[in-house]
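Commentary on secondary and tertiary structure
The lines below spell out each chain.
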Amino acid sequence: ETAAAERVFTPSNALVGLRLKLRCTPGDGEQRYGPAREVESSGPVEAGPGACTFDARHLYTKKVCGHGSIRAVSYNILADTYAQTEFSRTVLYPYCAPYALEIDYRQNLLKKELVGYSADLICLQEVDKSVFVDSLAPALDAFGLEGLFRIKEKQHEGLATFYRRDKFSLLGQHDIAFSEALLSEPLHKELCEQLAKYPLVQEKVLQRSSVLQVSVLQSTTDPSRKLCVANTHLYWHPKGGNIRLIQIAVAMSHIKHVARDLYPSIPVIFCGDFNSTPSSGTYSFISSGGIAEDHEDWVSNGEEERCSMSLSHPFKLLSACGEPAYTNYVGGFHGCLDYIFIDRNALEVEQVIPLPSHEEITTHQALPSVSHPSDHIALICDLKWK
């Protein structure tokens, strides 16, 4: 028997094969106790996966960083909805052991991974609603993180943002669905009118269920420090560069509305799976502040779907983790699709936690695997206020 002082218990290898019993005795500290209640685990303790791709990274993130710093994580965790299809099992991830694609297995691995990062901000994409409610939110809550969830329109998965309670409090949430915002917000009137000239593209943009999660946080130790944390997952299709440009234009206008109009000049951190490599129009638009109407991405799906326009935004954004060789590694593709963009006027990079080595990633051919719960790799960096 073990008396527990912590909310979290990690079984040792000696307990593999045994069931766990939890006995709770309520008490009020005045030596008055109620009847004990017991609950038993439905199955036995199973052996963990052994060495994981994130073990070496955890050596850099053992402790929560100081109050002047912010450790941010961005991670597409691979929704169960997509991992468990026949297509995924046979075509996308045939190299992955079937049990390692199961949601219970991946959730446990994921909790182990995320908890070990001791992060202040975590932006996740492809989060199943049930995974958020039943698994991630309670687990991260036990480690001091508060979670916010935004589901995609007409889908079972969405975005989650977690923030460390003793470092931040939530001032407001300003989430949008791109298609809905484009149609209904006066903010996007001009873009909407331009897009109307290209009915084929307009229809595609409006069919997408992509959302943008925007949370405004305030530092608990220095209330003058506020932060606009945006999180998104853009349209995935390889030829959808033009659609992503429209989506990111809506995102930047909305972020400008929040971080310039609603909360004058607060710094921005913009995380996500942008489904865009560093050579794309989307990446170039975010980092340079503008895109020309003759950019090749306007014809990413051929001339009949051209929708040329010139766009701009007022932010000075920098990819905090640079441009890794890849953040997504599957059998048929690898590339850099995920970023943590930071406001270079207000924030600077203290350290970037190195990504797993190519050798670690390819130990089991590709991702996901028994030692890595997603087909993407988490980006992690420590930022500090300027």
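Per chain, the residues get numbers from 1 upward, laid out in the order the sequence is written. With pLDDT at 70 or above as the cut-off, local features in this predicted model cover only qualifying residues; side-chain atom pairs require 80 or more to be listed or tallied, and sums for whole chains, interfaces and linings still use all residues. Each side-chain value is derived from all of the structure's non-hydrogen atoms; neither hydrogens nor water enter the calculation.

So, about the UniProt feature "domain: 2',5'-phosphodiesterase 12-like N-terminal" (unreviewed entry) in the protein chain. Taking the numbering used here, the UniProt-annotated feature "domain: 2',5'-phosphodiesterase 12-like N-terminal" (unreviewed entry) corresponds to residues 1–46. For residues 1–46, helix accounts for 0% and strand for 17%, while the C-alpha atoms at its two ends are 19 Å apart. UniProt positions are given in the numbering used here, feature names are shortened, and annotations may be inferred rather than shown by experiment. Each helix is a run of H or I in the DSSP string that is no shorter than four residues. Each strand is a run of E no shorter than two, and both are numbered from the N terminus.

On to the UniProt feature "domain: Endonuclease/exonuclease/phosphatase" (unreviewed entry) in the protein chain. Under the feature "domain: Endonuclease/exonuclease/phosphatase" (unreviewed entry), the UniProt entry names residues 74–376. Between the end C-alpha atoms of residues 74–376 the distance is 10 Å, and the span holds 32% helix and 27% strand.

Take His174: it is sitting in the loop between β7 (168–173) and β8 (176–177). A sequence separation of 75 residues divides His174 from Ala249, and the C-alpha atoms of the two residues are 16 Å apart. If we skip the residues at most four places from it in the chain, His174 touches Val214, Val216, His254, Val258, Leu262 and Tyr263. Any pair of residues with heavy atoms lying within 4.5 Å of one another is described as a contacting pair.

Our next topic: the packing of helix α5 (residues 103–115) against helix α6 (residues 129–141). In helix packing, the relevant descriptors are the interaxial angle and the interaxial distance, both defined with respect to the helix axes. Across the interface, α5 lies against α6 with an axial gap of 10 Å and an inter-helix angle of 25°. Viewed along their axes, α5 and α6 adopt a mutual orientation that is roughly parallel. In this structure, α5 meets α6 at a crossing whose hand is right-handed. When α5 is examined against α6, the residues Ile103, Gln107, Leu110, Lys111, Leu114 and Val115 are found in contact with a partner set consisting of Val131, Ser135, Leu136, Ala139 and Leu140. Any residue outside Ala, Val, Leu, Ile, Met, Phe, Trp, Tyr, Cys, Pro, Asp, Glu, Lys and Arg is labelled polar, Gly included; the first ten of those are nonpolar and the last four are charged. Class assignment for the residues of the contact of α5 with α6 results in eight nonpolar, two polar and one charged. All axes here are fitted lines through C-alpha atoms, helices being fitted over the stretch that makes contact, and every angle between N-to-C directions spans 0 to 180 degrees. Roughly parallel refers to an angle under 35 degrees, roughly antiparallel to one over 145, roughly perpendicular to one between 65 and 115, and oblique to any angle outside these ranges. Handedness of a crossing is defined here by the sense of rotation of the near helix relative to the far one, left-handed for an anticlockwise turn of less than a right angle and right-handed for a clockwise turn.

With that settled, the discussion passes to helix α10 (residues 241–262). Spanning 22 residues, α10 covers 30 Å between terminal C-alpha atoms, matching the ideal 32 Å at 1.5 Å per step. Using a 1.4 Å probe on the protein chains alone, a residue whose accessible area is under 20% of its type maximum counts as buried, one over 50% counts as exposed, and one in between counts as partly exposed. With respect to burial, α10 is a largely interior element, 16 of its 22 residues being buried. Multiply 1.5 Å by the residue count of a helix minus one, and that product is the helix's expected span.

Let us now look at the sheet that holds strand β3 (residues 69–76). What the six strands build is an open sheet, ordered β5-β6-β4-β3-β19-β18; its pairing is mixed. If you trace the sheet from one side to the other, it starts and ends with β5 (145–151) and β18 (347–352), each paired once. Adjacent strand axes in the sheet meet at a mean angle of 25° when their direction is disregarded. Strands are treated as partners if at least two bridges between them are detected by DSSP. Pairing of β3 with strand β4 (residues 121–128), which is carried by five bridges, proceeds in the parallel orientation. When the bridges of β4 are listed, Ala72 appears paired with Leu121.

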